[in-house]
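# Coordinate inspection notes
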Amino acid sequence: MKLNEDVGGNLEIVEHNNRKKADKFAEYITGETLRRYVAEKVTHYCGKYPTVFDGACGSGQLEQFISPNEFIGVDIQPEAVEAARYNYPSAEIYCQSFFQFSPNIKMQCTVMNPPFSIKFKDLPKEDKQAIQASYPWKKSGVVDDIFILKGLEHCGRYGFFIAFAGIAYRNTERKLRELIGNQLAELHLVENAFEDTVISVLFLVIDKRKQSDLYERVLYDCKTKTEKGCDTAKINPEKWDVFTPEIEREEIDIAALEAEIAKQEARRRRLEDELDEFVRITFKQ
Ligand SMILES: C[S@@+](CC[C@H](N)C(=O)[O-])C[C@H]1O[C@@H](n2cnc3c(N)ncnc32)[C@H](O)[C@@H]1O
C-alpha cells in the first residue's frame, strides 16, 4: 500500500494536530525520528511491507515509514480519521473508541502509540463495560495497559508499542507485565522523542512466540539519533528495568591529592608568617 499519491512521493503526510481538541484524547504526535526508529524495528522483525494494525492511529503518523502492505486503523477523533483516510486511501480506518472495537482482525503486527494516562473512571460507560468484559480485573487507574493488551489481540506475532515509562514499574501495571511475561523482546528508553513534551518514553517490542526470559534493553536519544547503550537482562514482572549507563567514576590519585594539601598548608603558614611580621612592624611604629 502506498501513501496517497499527492503526498506519497516525498513521504509527507497530512496531520490532524489540534492541541486543544487533542489534549482531551492525549494525542501526542510521534516525532519523525521516533517514527523512523519504530519503522526500522518493524522491518527488522516483520520484513518490508508488513500488514499493520493500529488501534490509536491518529493520522497514521506511526506508519509513515513502514509502508504497510495492508493497514487497519482505529481512532476516536473524526478529524484524525479523515486525515488517515486521505493519507492511506486503501486502508480501513474505523472512527470509534478502540475499547469497543470488536472485529476479529489480525494483522502481521500491531504498531501503536496509545494515549498516555487516560483514566478508567473518566471513560464513557460503554468503554468501561467493554473493558471489563475482556479484562474483568480492570476497575480503576489508567488504561495504558488495556490499550497494549487489546492491541496485542490484533497481531499475529509482533507488537510494537510506545508507552509511558510508568508501565515498567508501577504496581498498577503489574498485571500487564505478568501477562506479557517472556514475550517482552526489547525495551527501549527513548529520550527527546516528542515535540510537545520532554519526557522520555518506552518503546516495547513484544514477540508472542518468544520463550526465553531475557530481553534486550536499549537507551536511544532522538535528538542526537544515537544509541547510548544496550545490554540484556532477565525479565522480572515486578519491574522492567531500563538500560542505565554506568556513571563514570573519576579516579582519585591519593598521593597527588596529599601533595596538593601539603602545598596549600605550606602556603597558609607562609601567609600567616607574613601577617605576623606585618603586625609586629606596624605595632613597633
Ligand atoms: C499519542 S496519539 C498517537 C497518534 C499517532 N498514532 C502518532 O503516533 O502520532 C494517541 C491517539 O489515540 C487516540 N485515542 C484516544 N482515545 C482513544 C480511544 N478510546 N480509542 C481510539 N483512539 C483513541 C487519539 O485521538 C490520538 O490520535
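What this report covers is the structure whose coordinates are included nearby.

About the thresholds
Residues numbered from 1 in each chain as written. Predicted model: local features only at pLDDT ≥ 70, side-chain atom pairs only at ≥ 80, totals over all residues. Heavy atoms only, no water. Near = heavy atom within 4 Å. Polar contact = N/O pair within 3.5 Å; in protein donor to acceptor, adjacent residues only side chain to side chain. Areas by Shrake-Rupley, 256 points an atom, 1.4 Å probe, with all protein chains shown as cover. Pairing = 2+ DSSP bridges. Helix = DSSP H or I, 4+ residues; strand = E, 2+ residues; numbered from the N terminus. Right-handed = clockwise from strand over helix to strand, strands pointing away. Expected span 1.5 Å × (residues − 1). Buried < 20%, exposed > 50% of the residue type's maximum accessible area, 1.4 Å probe, protein only. Core = buried A, V, L, I, M, F, W, Y, C linked by side-chain atoms within 4.5 Å. Contact = heavy atoms within 4.5 Å.

### Side note on the site of the ligand
Taken together, 22 residues lie around the ligand, and T30, A56, D75, Q77 and F98 are the ones closest in. A distance of 3.1 Å is found between a nitrogen atom of the ligand and a backbone nitrogen or oxygen belonging to C57. I76 places a main-chain nitrogen or oxygen 3.4 Å from a nitrogen atom of the ligand. About the coverage of the ligand: the protein hides 99% of its 590 Å² of free accessible area.

### Some words on the pairing of strand β3 (residues 92-95)
Looking at chain direction, strand β2 (residues 70-75) and β3 are connected through four bridges and run parallel. Bridge pairing links G73 to I93 in β3. Handedness of the β-α-β unit built from β2, helix α4 (residues 78-87) and β3 comes out right-handed.

### A closer look at helix α3 (residues 32-46)
Between its first and last C-alpha atoms α3 spans 21 Å; for 15 residues at 1.5 Å apiece the expected length is 21 Å, and the two agree. Taken as a whole, α3 has its buried residues at L34, R35, Y37, V38, A39, K41, V42 and C46. Looking one or two places after α3, you find G47, whose phi comes out positive at around 80°.

### Structural notes on the nonpolar core
The biggest cluster of nonpolar side chains holds 40 residues, and the ones touching the most others in it are V143, I148, L204 and W240. Sorting the residues of this core by element identifies β2, β4 (107-112), α6 (144-152), β5 (155-164), α7 (174-180), β6 (184-191), β7 (201-207) and β8 (214-221) as the ones contributing at least two each. When residues of this core are assigned to their parent elements, the largest contribution, five residues, is made by α6. Residues in contact with W240, not counting those within four places in the same chain, are I167, A168, R177, I180, L184, L187, L204, Y215 and I235.

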